[in-house]
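Residues per chain are reported as follows:
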Amino acid sequence: MILAHLKSYSAGFHEALELKVSRVLFSPTLRPEEYQTTLCNFFVAYHYLESCIVSLPEIKPILSERSKLDWLKKDLEAMTNYTGETSVYELLEPRIEENIAAALGMMYVMEGATLGGKFIVNHLKKHEWIASNDCLNFFNSYGERRSDMWKKFTVIVEEFSEQYPDQEKFILQGARSTFSFMNDIFDEKIIDAKA
């Protein structure tokens, strides 16, 4: 039940974020600079989100095999080599998330973002400048293990929700606030505010 609740509770925020990202990534005239900026936005978001929850003992082992930061760094390095420009991103000061349920809600968003990766990669490879560079690691998260990793994560969320039914509201709030945060990143509200 928790997965259905998560989907419906955050649907509007999810759709808004998906639209912003797909508007850039699926553009037939996507330029290297635009792709680099998109990767930077994801790096800022994931760096912040992972920093918020990595100190939780119950979450750390789950996150350790699911961190996307190394893939994003590799992609940004490849794009820097291609464009000749250094990737610029403003790292945000993390707040400590002490609620395990909210952290699982945050991870629901981060892990869910990998599901459309195969479709995104296939589309991006149509651009010759992308196909010839090693800059698709983030969108190709887990590779052939993508579905498997998602299923394993959903089991973790479902088991936690069944064991602690009073914590469901925090899982939902964690997911919604994460979608809202990422929407702000892609609107550049947060980055502009830090400049």
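Residues numbered from 1 in each chain as written. Predicted model: local features only at pLDDT ≥ 70, side-chain atom pairs only at ≥ 80, totals over all residues. Heavy atoms only, no water.

Asks: Could you clarify how one ought to interpret helix H6 (residues 100-112) in this entry?
Replies: One turn of the α-helix equals 3.6 residues, which is why residues spaced by three or four share an orientation. In this model, H6 (13 residues) spans 18 Å end to end at C-alpha, consistent with the 18 Å of a helix rising 1.5 Å per residue. For H6, the buried fraction is high: 11 of the 13 residues fall into the buried class. Regarding H6, the residues found buried are Ala-101, Ala-102, Ala-103, Leu-104, Gly-105, Met-106, Met-107, Tyr-108, Val-109, Met-110 and Glu-111. Those residues of H6 that are buried lie in contact with helix H1 (2-9), helix H3 (32-53), helix H4 (60-64), helix H9 (146-163) and helix H10 (168-187). At the N-terminal boundary of H6, the capping side chain belongs to Asn-99, with an oxygen 2.8 Å from the backbone nitrogen of Ala-101. (Helix = DSSP H or I, 4+ residues; strand = E, 2+ residues; numbered from the N terminus. Expected span 1.5 Å × (residues − 1). Buried < 20%, exposed > 50% of the residue type's maximum accessible area, 1.4 Å probe, protein only. Contact = heavy atoms within 4.5 Å. Polar contact = N/O pair within 3.5 Å; in protein donor to acceptor, adjacent residues only side chain to side chain.)

Asks: I keep staring at unusual backbone geometry and nothing clicks. Help me out?
Replies: Glycine aside, residues mostly have negative phi angles, and peptide bonds mostly take the trans form. Residues other than glycine seldom take positive phi values, yet Tyr-142 does so here, at roughly 70°. Here Tyr-142 shows up in the loop between helix H8 (128-131) and H9.

Asks: What is the right way to read the side chain of His-127 from this model?
Replies: Within the secondary structure layout, His-127 lies in the loop between helix H7 (117-124) and H8. When near neighbours in sequence (up to four residues on either side) are disregarded, His-127 contacts Ser-27, Pro-28 and Leu-30.

Asks: Help me out: how do you make sense of the nonpolar core in this one?
Replies: Looking at soluble globular proteins, one finds that nonpolar side chains tend to be buried together. Membership of the largest hydrophobic core comes to 57 residues, with the highest contact counts inside it found for Tyr-35, Ile-53 and Phe-139. Sort the elements by how many residues they give to this core and H3 lands first, with 12 residues. (Core = buried A, V, L, I, M, F, W, Y, C linked by side-chain atoms within 4.5 Å.)

Asks: What is the right way to read the pattern of salt bridges from this model?
Replies: Where charged atoms of side chains with opposite charge meet at close range, the side chains can pair. Under the counting rule described, the total for this entry stands at six salt bridges. As a salt-bridge pair, Lys-20 and Asp-187 come within 3.0 Å of each other at their nearest N and O atoms. Residue Lys-20 is located in helix H2 (residues 11-25), and its partner Asp-187 is located in helix H10; the two are separated by 167 residues in the primary sequence. With its nearest N and O atoms 3.3 Å apart, the salt bridge here joins Asp-134 to Lys-74. (Salt bridge = Lys/Arg side-chain N within 4 Å of Asp/Glu carboxyl O.)

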